[in-house]
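Commentary on secondary and tertiary structure
Listed below, chain by chain, are the residues.
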Amino acid sequence: MNWNRFKLGGGLALLLGMVLAVAPVAPAKAAKTLPGIAYTHTTPVKARGTWYTHIKHANYLKTVVKKHTVTWSYKAKRSASWKRWRRLSGKHLYVYRFNLTEGPTTLHMFGFYAAHEKGNAFHFMVTRKVKGKTIPVMVDANGSENYHAWKNVK
């Protein structure tokens, strides 16, 4: 029997065992969801379409919401061309939904996020009267109103 071979093999096994015992376990993946809020990759049906808004003293914004894609564009002047600045689609799009109760009313909130992004841009749907017609409006967390028709944007 060759004891040198056994010592080398046993020593290597012992060393490998010690390394594995003290080596950190692979780090757990960071949570992709906001705590306590369920998510999906599908946008709400009522929110789909093209939405326009204007932020005072800033840009005009356009949000295109499709079933599995949300695209944001902006332009500085009303006559300028749209420039896309962000797009989330497929598994990169996380749609969070929750209900916010404010007194007697419940707002059905939803937000579009990428993985590991903090939630601060939720939206909700309301209706407004514009020139005698009741139209759907998507309101974001900052109070900006998004309209389907470009003509309603001031």
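Before reading on, note that the structure itself is shown above.
A brief look at the structure comes next.

The rules behind these values
- Residues numbered from 1 in each chain as written.
- Predicted model: local features only at pLDDT ≥ 70, side-chain atom pairs only at ≥ 80, totals over all residues.
- Heavy atoms only, no water.
- Helix = DSSP H or I, 4+ residues; strand = E, 2+ residues; numbered from the N terminus.
- Buried < 20%, exposed > 50% of the residue type's maximum accessible area, 1.4 Å probe, protein only.
- Contact = heavy atoms within 4.5 Å.
- Pairing = 2+ DSSP bridges.
- Core = buried A, V, L, I, M, F, W, Y, C linked by side-chain atoms within 4.5 Å.
- Lys, Arg positive; Asp, Glu negative; His and termini not counted.
- Salt bridge = Lys/Arg side-chain N within 4 Å of Asp/Glu carboxyl O.
- 1 Å grid on protein atoms, 1.4 Å probe; cavity = no way out; pocket = protein on both sides within 12 Å on 5 of 7 lines; lining within 4 Å.
- Points joined across faces, edges and corners; volume = space filled by probe spheres on them.
- Nonpolar A, V, L, I, M, F, W, Y, C, P; charged D, E, K, R; others polar.
- Phe/Tyr/Trp six-rings, centres within 6.5 Å; stacked < 30°, edge-to-face > 60°.

Regarding the overall build of the protein
Helix and strand counts for the protein stand at one helix and 10 strands. Going from the N terminus to the C terminus, the protein shows its helices and strands as α-β-β-β-β-β-β-β-β-β-β. Residue burial in the protein is summarised as follows: out of 154 residues, 28% are buried. Counting contacts in the protein only where the partners sit at least 6 residues apart, residues at least 24 apart contribute 38% of the total.

Comments concerning the pairing of strand S7 (residues 105–113)
As judged from the nine bridges shared by strand S6 (residues 94–102) and S7, these two strands associate in the antiparallel manner. Counterpart to Tyr-94 in the pairing with S7 is Tyr-113. Joining the antiparallel neighbours S6 and S7 is a turn of two residues, in which Gly-103 adopts a positive phi near 65°.

Overview of the environment of Phe-124
Mapped onto the elements of the fold, Phe-124 is located in strand S8 (residues 123–130). Remark: the alpha-carbon pair of Phe-124 and Phe-110, spanning 14 residues in sequence, is separated by 6.4 Å.

A few points about the nonpolar core
In this structure, Tyr-96, Phe-122 and Val-137 are the most contacted members of the largest nonpolar core, which totals 15 residues. Listed by contribution, the elements that provide at least two residues to this core are S6, S7, S8 and strand S9 (133–140). Those residues within four positions of Val-137 in sequence are excluded, and the remaining contacts are Trp-51, Phe-124, Met-125, Val-126, Arg-128, Glu-145, Asn-146 and Tyr-147.

A closer look at the environment of Pro-35
Mapped onto the elements of the fold, Pro-35 is located in the loop between helix H1 (3–22) and strand S1 (39–40). Look at Pro-35 and you get exposed, because its relative accessible area is 76%.

Thoughts on the side chain of Lys-62
Within the element layout of this structure, Lys-62 appears in strand S3 (residues 60–65). An unpaired buried charge is present at Lys-62: no salt bridge exists, and Asp-140, the closest side chain of opposite charge, is 17 Å distant. Other than its neighbours up to four places away in sequence, Lys-62 contacts Thr-50, Trp-51, Tyr-52, Thr-71, Trp-72, Ser-73 and Trp-82.

Quick look at the layout of surface pockets
In this structure, the largest pocket occupies an estimated 440 Å³ of space. Of all the secondary structure elements, the ones that give two or more residues to the lining of the largest pocket are S3, strand S4 (69–75), strand S5 (83–89), S7 and S9. The element that contributes the greatest number of residues to the lining of the largest pocket is S3, accounting for three residues. The class makeup of the residues in the lining of the largest pocket is nine nonpolar, eight polar and four charged. Roughly 250 Å³ of volume is contained in the second largest pocket. Residue lining of the second largest pocket: Thr-53, His-54, Ile-55, Lys-56, Gly-143, Ser-144, Glu-145, Tyr-147, Asn-152, Val-153 and Lys-154, and that is the complete set. Elements with a contribution of two residues or more to the lining of the second largest pocket: strand S2 (49–54) and strand S10 (145–147).

Overview of the packing of aromatic side chains
Following the criterion strictly, the structure yields 11 aromatic pairs and no others. Between Tyr-52 and Trp-82, the aromatic rings sit 6.0 Å apart at their centres with planes inclined by 40°, giving tilted as the arrangement. Remark: Trp-82 occurs in the loop between S4 and S5 and Tyr-52 occurs in strand S2; sequence separation between them is 30 residues. When its relative accessible area of 26% is taken as the criterion, Trp-82 is described as partly exposed. Centre to centre, the rings of Tyr-60 and Trp-150 are 5.5 Å apart; their planes meet at 65°, and the pair counts as edge-to-face. Of the two residues, Tyr-60 is situated in strand S3 and Trp-150 in the segment after S10; the sequence distance between them amounts to 90 residues. A relative accessible area of 11% places Tyr-60 in the buried class. Classification of Trp-150 by relative accessible area gives partly exposed; the value is 24%.

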